[in-house]
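Listed below, chain by chain, are the residues.
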Amino acid sequence: MKIVSDVKLGTYTFVPKEKGEQEILSTLVKSIKPGEKLKYEGCSQDNREKKDFRIVHLTGPNNLKLILAGSTREDRFDVNNIRNLCFFGSGGLIFLGAITVGDKTAIVVTGKYCKLCGAAMIDWGASEWSTCDACAAKCTHKYVRHVVHGPKVDMDVADFCTICGRTKTKLKQRSRLERHLAVERELGLSIVYKDTMLTPSQVAHIRKMAAAAPNN
Ligand SMILES: [Zn+2]
Ligand SMILES: [Zn+2]
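Residues numbered from 1 in each chain as written. Chains lettered and ligands numbered in written order. Predicted model: local features only at pLDDT ≥ 70, side-chain atom pairs only at ≥ 80, totals over all residues.

**Considerations on the sheet that holds strand E6 (residues 92-101)**
In step 1: Strand order in this open sheet of 7 strands is E1-E2-E7-E6-E3-E4-E5, and the pairing throughout is antiparallel. Lying at the two open borders of the sheet, with one neighbouring strand each, are strand E1 (2-6) and strand E5 (65-68). Within the sheet, the average angular offset between the axes of one strand and its neighbour, ignoring direction, is 35°.
In step 2: The pairing of strand E2 (residues 11-15) with strand E7 (residues 104-110) spans 3 bridges and is antiparallel. Paired with Phe-14 across the strands is Ile-107, a residue of E7.
In step 3: Along the sheet face, helix H1 (residues 21-31) touches E2, E5, E6 and E7 and points at about 65° away from the line of E7.
In step 4: In the packing of helix H2 (residues 73-90) onto the sheet, contacts are made with E1, E2, strand E3 (37-45), strand E4 (54-59), E5 and E6, and the angle to E4 comes to roughly 55°. (Pairing = 2+ DSSP bridges. Helix = DSSP H or I, 4+ residues; strand = E, 2+ residues; numbered from the N terminus. Axes fitted to C-alpha atoms, helices over the stretch in contact; angles between N-to-C directions. Contact = placed C-beta atoms within 7 Å.)

Laid out in structure tokens, this is it:
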């Protein structure tokens with residue numbers, strides 16, 4: 001699928017490219033109405049490239065399955081963003097309408113609408129907090145020190161606004177263990193790794209002992 005993103009409009013346009021995609025989209029537009037949702041059913045690995053690319057699985061009316069796999073590398077980056085949007089922010093995509101591109105039927109979708117101004121959004125973070133960037137910029141911000149997460153961060157500690165969900169400063173680049181230690185230390189939350197039954201501070205302590213031990 002060729003995917004055209006428009007961050008300003010808050011839309012994605014899916015243009016069929018691969019065999020079978022035109023048929024699925026043509027069938028879909030006959031049964032789906034504007035405002036109806038394509039439900040996110042999870043993702044799988046796109047094995048055509050070494051990088052971590054996803055394929056997104058969606059379901060429309062009458063249980064119609066739409067499998068979203070990018071045609072080019074650029075499209076695959078968009079599919080990854082769509083996965084994050086669905087996973088963190090919207091749980092699916094909202095169908096806006098169909099358009100004709102060349103001789104093909106394409107569909108236009110969005111992720112979510114801003115709760116304050118109603119703007120369509122495709123950014124996962126904005127959608128998670130139902131607040132667009134323009135409204136977040138006008139937010140009076142009420143920061144609390146808390147756990148945050150994201151596509152590349154399982155957990156970290158940051159000052160984030162409980163109204164718009166934006167963090168006060170960009171997250172520091174640090175290792176997974178450093179992030180977990182910060183969550184333990186700053187918030188007093190207990191973390192135990194399932195595989196080893198150790199806590200982050202125990203892991204850090206063991207690593208320190210191993211590094212200090214004489215090498216013989
Ligand atoms: Zn807004
Ligand atoms: Zn805010």
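Moving on from the coordinates now.
**Brief notes about the nonpolar core**
In step 1: The biggest cluster of nonpolar side chains holds 34 residues, and the ones touching the most others in it are Phe-14, Leu-68, Val-79, Ile-82, Ile-107 and Val-109.
In step 2: The contacts of Leu-68, once residues within four sequence positions are left out, are Met-1, Ile-55, Val-56, Leu-58, Val-79 and Ile-82. (Core = buried A, V, L, I, M, F, W, Y, C linked by C-beta atoms within 7 Å. Buried ≥ 20, exposed ≤ 12 C-beta atoms within 10 Å, placed from the backbone.)

**What about the domain arrangement of the protein?**
How large an interface is tends to be reported as the accessible area lost when its parts come together.
In step 1: When cut into domains, the protein gives domain 1 (2-113) and domain 2 (138-211).
In step 2: For domain 1 versus domain 2, the distance between C-alpha centres works out to 32 Å. (Domains from an automatic or database assignment.)

**Section: unusual backbone geometry**
In step 1: Positive phi values are uncommon outside glycine, yet Asn-63 reaches one of about 60°.
In step 2: Relative to the helices and strands, Asn-63 is located in the loop between E4 and E5.
In step 3: Exposure remark for Asn-63: the 7 C-beta atoms within 10 Å place this residue in the exposed category.
In step 4: Phi angles above zero are rare outside glycine, and Ser-130 is one such case at about 50°.
In step 5: When the 17 C-beta atoms within 10 Å are taken as the criterion, Ser-130 is described as partly exposed.

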